[in-house]
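Architecture at a glance
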Amino acid sequence: MSTPLVIVGSGMAGYGLLRAVRHVDRGRRVWLYTADDGCAYAKSQLACGLARGKMPGDLVLASAEQMAHRLDASIFTHTRVRAIDRERRVIHTDRGEQAYGELVLALGARPLRPAPLRGNAASQVLTLANLADYRYFRNELDGRRRVAVLGGGLLGCEVAEGLVRAGCEVTLFEPGNRLLADLLPVLCGARVARTLHAAGVEVRLEDGVQSIEQGLEDLELLTLSGQRLTAELVVAAVGTRPTAAIAADAGLAIGRGIVVDHQLRTSDPAIYAVGECAELGGRLFVLHEDIEAAARVLAGVLTGTQARMSWQPRLQRLQLECCPTVVCEPPPVAGEWQESATPRGVRALFHDRRGTLRGFALVGESVSEAARFFGAIRH
Ligand SMILES: Cc1cc2nc3c(=O)[nH]c(=O)nc-3n(C[C@H](O)[C@H](O)[C@H](O)COP(=O)(O)OP(=O)(O)OC[C@H]3O[C@@H](n4cnc5c(N)ncnc54)[C@H](O)[C@@H]3O)c2cc1C
């Protein structure tokens, strides 16, 4: 019997690849290893799950057993891959060794911890990066209302809004001078900040938390600006880093993530990487459309077609109910944002040096223009 295709990871990338392989090849032996419980779910539902008071089980689309049955694969849950022996084409797992014909790393990204953070309760800062985090966070939230959210990026804004909608009192800390600075130009970010504030989030720009001490009842926070306040929970949303340690230890090329070519192949021709752990042409995979597209390309490559991954413009709708926001991120080219604001919305257009529209961001009522601008970019 031939050595199996081995996939490591049961997130959108790992399961996306398994699904795409099954579209073109029902007979291939596939073994999937995952450090978690292997439940299929959408990360985009975590923040709105909080808002709607959903139990963790409500977010599960299918269990590992159901996925194994539907996709005809052997799935090993709660099994971490510890090392890759490239010479012998073997992985070392918690259950022992496993030989591979081809190996796909779909390891995701891990949340960063805010640093430097002092105080005897600094380790109590929670994250919300996966279903296990959600389960823990929901338990901790039970009976508590006052939450501090660290980080004014996309996840921080979505979590802050979700918690306010769930009835919490939320303070959102962002050390920079605007929200969503990596994603939106100035006026758009300012409008989101204003709308979140109007929805009940206390937005603190140019401020963060420097230490957390356990008080008699509450957590006592000292902010960067020297103010003292209390909270019952602190959640960090300060970014993620691709999970690449086992790839690095095995000597694969690493940049910010595991470096792959347009066929998702790493520097070892028998090993591929897909999803948030991978880096292609200096870019990381963040959006689920890009991850799904890469999974389809990789399924083609693994079944003998000459597919290639290329970056396409994507329309991203932020999960902010109080403030409809749509972004088509421009590619990394020289150019300029031009923004215009009305009381009802903000429109920002990004043109390159030749004057061609390459990206846009729309907030409030301006989102109705998304299809028109997106059509213009794709032509
Ligand atoms: C809260 C949140 C909201 C988001 N919302 C959106 C959104 O609205 N729209 C959007 O486009 N994107 C969104 N994203 C981003 C997108 O969901 C992610 O990029 C995507 O889910 C990543 O999928 P992945 O399979 O690469 O990684 P993950 O889903 O993190 O999966 C990684 C898998 O690898 C396993 N693993 C890791 N190391 C090992 C090991 N050594 N051995 C075995 N298994 C291992 C893990 O257990 C896990 O199963 C969001 C992300 C988050 C965190």
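Residues numbered from 1 in each chain as written. Predicted model: local features only at pLDDT ≥ 70, side-chain atom pairs only at ≥ 80, totals over all residues. Heavy atoms only, no water.

**A closer look at the site of the ligand**
Condition: For this purpose, a residue is taken to be near a molecule or strand whenever a single non-hydrogen atom of the residue falls within 4 Å of it. Whenever two N or O atoms come within 3.5 Å, that pair is a polar contact, provided that in protein one can donate a hydrogen and the other can accept it, and provided that, for residues adjacent in sequence, both atoms are side-chain atoms. Helix and strand assignments follow DSSP, with helices taken as H or I runs no shorter than four residues and strands as E runs no shorter than two, numbered in order from the N terminus. Just so you know, the domain bounds were taken from an automatic or database domain assignment.
In the neighbourhood of the ligand, 28 residues make up the surrounding shell, with A13, D36, K43, E276 and H288 lying closest. At a separation of 3.1 Å, an oxygen atom of the ligand approaches a polar side-chain atom of T34. The separation between an oxygen atom of the ligand and a polar side-chain atom of D36 is 2.8 Å. Mapped onto the shell around the ligand, the elements with two or more residues apiece are α1 (12–24) and α9 (288–302). Counting the residues that make up the shell around the ligand, at least three belong to each of domain 1 (5–110 + 240–302) and domain 2 (113–236).

**Observations concerning the domain arrangement of the chain**
We count it as follows: Should any heavy atoms of two residues lie within 4.5 Å, those residues are considered in contact. Summed over both partners, the accessible area lost on bringing two parts together, with a 1.4 Å probe, is the buried area. Within this document, salt bridges are pairs made up of a side-chain nitrogen of Lys or Arg and a carboxyl oxygen of Asp or Glu, the two lying within 4 Å of each other. Residues are grouped as follows: Ala, Val, Leu, Ile, Met, Phe, Trp, Tyr, Cys and Pro are nonpolar; Asp, Glu, Lys and Arg are charged; every other residue, Gly included, is polar.
Here the chain is partitioned into domain 1 (5–110 + 240–302), domain 2 (113–236) and domain 3 (324–378). One C-alpha centre belongs to domain 2, the other to domain 3, and the line joining them spans 29 Å. With nine residues of domain 2 at the contact, the number on the domain 3 side is 14 residues. Of the roughly 890 Å² buried between domain 2 and domain 3 on both sides combined, carbon and sulfur atoms contribute 70%. Considering only the surface of domain 2 that becomes buried against domain 3, P185, L187 and R191 emerge as the three largest contributors, covering 52% of it. Counting across the domain 2 and domain 3 interface gives zero salt bridges. At the junction of domain 2 with domain 3, the criterion picks out five residue pairs in polar contact (both at pLDDT 80 or more). In the side of domain 2 that touches domain 3, the residues fall into seven nonpolar, no polar and two charged.

**Description of the pattern of salt bridges**
As a working rule, side chains carrying opposite charge can pair if their charged atoms are close by. Rules: A simple rule labels every residue: compare its accessible area, found with a 1.4 Å probe on the protein chains alone, to the largest value its type can have, and call it buried under 20%, exposed over 50%, or partly exposed in between.
Following the criterion strictly, the structure yields 20 salt bridges and no others. The salt bridge involving E140 is made with R144; its shortest N-O contact spans 3.3 Å. By relative accessible area, which is 25% here, E140 ends up partly exposed. Exposure remark for R144: the relative accessible area of 33% places this residue in the partly exposed category. One salt bridge connects E321 with R165, and the closest N-O pair in it is separated by 3.2 Å. Of this pair, E321 sits in the loop between β21 (316–317) and β22 (325–328) while R165 is found in helix α6 (residues 154–165), placing the two residues 156 residues apart along the sequence. Given the relative accessible area of 52%, E321 is considered exposed. A relative accessible area of 31% places R165 in the partly exposed class. Look at the salt bridges and you will find they share partners, linking R52, E161, R165 and E321 into a network.

**Thoughts on the nonpolar core**
For clarity, the cut-off: Put simply, a nonpolar core is a bunch of buried Ala, Val, Leu, Ile, Met, Phe, Trp, Tyr and Cys residues held in one set by side-chain atoms that sit within 4.5 Å of each other.
Grouped together as the largest cluster of nonpolar side chains are 57 residues, with contacts concentrated most on L17, I84, L103, V104, L105 and L298. Element by element, the count of residues in this core is highest for α9, at nine residues. Ignoring sequence-local partners within four residues, the contact set of I84 consists of V90, I91, Y100, L103, L105, I246, A250 and I271. Among the nonpolar cores identified, the runner-up in size contains 41 residues, and C39, F137, L163 and V327 belong to it.

**Points about helix α5 (residues 131–141)**
Quick note on the threshold: The directions considered for the arc run from the helix axis to the C-beta atoms.
Within α5, burial applies to L131, D133, Y134, F137 and L141. Buried residues of α5, viewed axially, fall in a sector of 145°; they line one side. Among the structural elements, α2 (45–51), α3 (56–59), β9 (146–150), α6 and β15 (233–236) are those in contact with the buried residues of α5. With a side-chain oxygen lying 3.2 Å from the backbone nitrogen of A132, the N-terminal cap of α5 falls on N130. Downstream of α5 by one or two residues, G143 has phi in the positive range, about 80°.

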